[in-house]
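Spelled out, the chains give:
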Amino acid sequence: MDINIALDFLKKHYEVALATSEDNIPNIRIFQIMKLEGTTLYFATSAKKDVYRQLTKNPHIEILTMHDQVMVRCKGVASFEVDDATAQWIYDNNAVLSRLYERADQLDYFKMEIAELDYYDLKPTPPVFIHFNLKDNTEGNGYVGERYSGKK
């Protein structure tokens, strides 16, 4: 399977559950992917929010989105190194941000280079599960596509 099918799914279903952790306690909230460039996802937040503090302490994150029995999960590391032109583009191209903030520089932008991506499609029989490891440039099938044998 081509990873672009999963990336196209993310472009169409940009509202994601974003998970962080703090003191070994998970924290999850809904975020919007503000921009997808190759395998890099961009987000916006505020330094006043818990998520900002959590990301600066532990930048490892996961996102998850699902629609119509298709699910995409991504793992990566958040980086606040987003150039000013990209930050301004994100602000200018998202109607919600301009309703909440007067200027682009009132926000903090972060990106996540996808390190691992799981693509699930539960519609066919057997269901499809593909794991992409972008660090190692490998692809593999998972347990969803295998018939359950009852063995442990």
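To keep things clear, this report deals only with the structure shown in the data block. (Residues numbered from 1 in each chain as written. Predicted model: local features only at pLDDT ≥ 70, side-chain atom pairs only at ≥ 80, totals over all residues. Heavy atoms only, no water.)

### Thoughts on the nonpolar core
Nonpolar side chains in soluble globular proteins tend to be buried together.
Inference 1: Core analysis: the largest hydrophobic core is formed by 26 residues, its most contacted members being Leu10, Phe43, Ile63 and Leu117.
Inference 2: Counting residues per element, the ones that place at least two in this core are α1 (3-12), β1 (15-22), β4 (40-45), α2 (50-57), β5 (60-67), β6 (70-79), β7 (108-121) and β8 (128-133).
Inference 3: Sequence-distant contacts of Phe43, defined by excluding residues within four places in its chain, comprise Val16, Leu18, Phe31, Gln32, Ile33, Met34, Ile63, Asp108, Tyr109, Phe110 and Met112.
Inference 4: Within the second largest apolar cluster, 12 residues are counted, among which are Tyr42, Ala87, Tyr101 and Tyr109. (Core = buried A, V, L, I, M, F, W, Y, C linked by side-chain atoms within 4.5 Å. Buried < 20%, exposed > 50% of the residue type's maximum accessible area, 1.4 Å probe, protein only. Helix = DSSP H or I, 4+ residues; strand = E, 2+ residues; numbered from the N terminus. Contact = heavy atoms within 4.5 Å.)

### Quick look at α2
Inference 1: Residues of α2 that are buried: Val51, Gln54 and Leu55. On an axial view of α2, the arc spanned by its buried residues comes to 95°, and they lie on one face.
Inference 2: Each element contacted by the buried residues of α2 is listed here: β1, β2 (25-32), β4, β5, β6 and β7. (Arc of directions from axis to C-beta.)

### As for the side chain of Ser46
Inference 1: With respect to the helices and strands, Ser46 occurs in the loop between β4 and α2.
Inference 2: Overall, the relative accessible area of 7% leaves Ser46 in the buried class.
Inference 3: Each residue touching Ser46, except ones within four places of it in the same chain, is listed here: Tyr52, Tyr101 and Asp108.

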